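# Architecture and fold: a report
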Amino acid sequence: MSALLSTHGLVAGYGDMRALHGIDFEIAAGETVALIGANGAGKSTLLRSILGLLPVAKEMVRLDGTEVGGTPPHRMVRKGVAIVPEGRRLFSGMTVEENLRVAAENAAEPRGEGWSIRRVYDLFPILREKRAAFSEDLSGGQQQMVSIGRALLAQPRLLLCDEISLGLAPRVVREIYAALPEISRSGTAIVVVEQDVGLAQRASSRLYCLLEGRVTLEGRSAEVPREAISAAYFGAK
Ligand code: ATP
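The notes below deal with the structure included here. These figures come from a predicted structure and were not determined experimentally. (Residues numbered from 1 in each chain as written. Predicted model: local features only at pLDDT ≥ 70, side-chain atom pairs only at ≥ 80, totals over all residues. Heavy atoms only, no water.)

The next thing to look at is the pairing of strand E1 (residues 3-14). In terms of strand pairing, E1 meets strand E2 (residues 17-28) through nine bridges, oriented antiparallel. Bridge assignment links Tyr14 to a residue of E2, and that residue is Met17. Between E1 and E2, which pair antiparallel and follow one another directly, the connecting turn spans two residues, one of which, Gly15, has a positive phi of 60°. Bridge count for E1 against strand E4 (residues 61-63) is three bridges, and the pairing is antiparallel. (Pairing = 2+ DSSP bridges. Helix = DSSP H or I, 4+ residues; strand = E, 2+ residues; numbered from the N terminus.)

As structure tokens, this is what we get:
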């Protein structure tokens, strides 16, 4: 597999607190990879490190084989890495369409077919109906759809999704996860950070489990046995 993005012995943390202790991770173009692990395992920290939101050494992150660790987020976005952040973070006081338009205006030139606001509406038709609604008046699921749409309008080759199912009803979670294969078909690689292990397995071709800042399991999602996941998730007793 030639990696689109990889990390090499990645260490990162907050001040003196080290949250990641040497993470080796990779994802190929168009692949969907899940990151699972308990609260505080370091999943969000890994996404933030990849995006350049935390200081990491240059050689710890490679994009297309080029060392990019510590590159500022706005430049990583230009290079084709976008995040759907935990907590959605939409602009309030702005409509659905305005939120999307701001993202589209700041985007890089589309690669190939590219994502447009119209294509985001085709992916999530409810957003077309709600285009004039203020973001704070949307349901949680609809807000999550806008957040995904905003990230797609950055024309990413790699989409980092941080707990996109959090706090949503099962039906809405299914609806949102149903969009991932469509995004993937356009050639975008996707990392999903997900608390629901079954969902993570179904949505991905490979998965990594983190525990206390280390990778405790890596494998093909359809093949890793439940017991191996439990041991990796909680730590073998
Ligand atoms: P969660 O599901 O709770 O988001 P996670 O696997 O994403 O879990 P992280 O948020 O990456 O875990 O947290 C990894 C470690 O870093 C934890 O010990 C956490 O307390 C710590 N941490 C996370 N964010 C910060 C921060 N902004 N400042 C200080 N410590 C942090």
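That covers the picture; the talk isn't over yet.
Here we take up the packing of aromatic side chains. Enumeration according to the criterion identifies two aromatic pairs in this entry. Relative to Tyr208, the ring of Phe25 has its centre 4.7 Å away and its plane inclined at 45°; by these criteria the two rings are tilted. Of this pair, Phe25 sits in strand E2 while Tyr208 sits in strand E9 (residues 206-211), and the two are 183 residues apart along the sequence. Residue classification places Phe25 among the buried residues on the basis of a relative accessible area of 3%. Judged by relative accessible area, which is 2%, Tyr208 ranks as buried. (Phe/Tyr/Trp six-rings, centres within 6.5 Å; stacked < 30°, edge-to-face > 60°. Buried < 20%, exposed > 50% of the residue type's maximum accessible area, 1.4 Å probe, protein only.)

Bringing unusual backbone geometry into the picture now. Of note, Glu163 is a non-glycine position whose phi angle comes to about 50°, a positive value. Tracing the chain through its elements places Glu163 in the loop between strand E7 (158-162) and helix H7 (170-185). Here Glu163 falls in the buried class, since its relative accessible area comes to 9%. Phi is positive for Glu212, which is not a glycine, with a value near 45°. Counting through the fold element by element, Glu212 comes out in the loop between E9 and strand E10 (214-220).

Sheet strands pair by backbone hydrogen bonding; their relative direction is either parallel or antiparallel. Strand order in this open sheet of six strands is E6-E7-E8-E3-E9-E10, and the pairing throughout is mixed. Either end of the sheet is taken by a strand with one partner, and the two such strands are strand E6 (81-84) and E10. Taking each pair of neighbouring strands and ignoring which way they run, the sheet shows an average axis angle of 15°. Note: strand E3 (residues 32-36) against strand E8 (residues 189-193), four bridges, orientation parallel. (Axes fitted to C-alpha atoms, helices over the stretch in contact; angles between N-to-C directions.)

This part takes up the sheet that holds E1. One open sheet holds the four strands; their spatial order is E2-E1-E4-E5, and the pairing between them is antiparallel. Among the strands making up the open sheet, the edge pair consists of E2 and strand E5 (66-67). Where E4 meets E5, two bridges bridge the pair, whose relative direction is antiparallel. Its bridge partner being in E5, Arg62 is matched across the sheet by Glu67.

Don't take any of this as a statement about function, it's just geometry.
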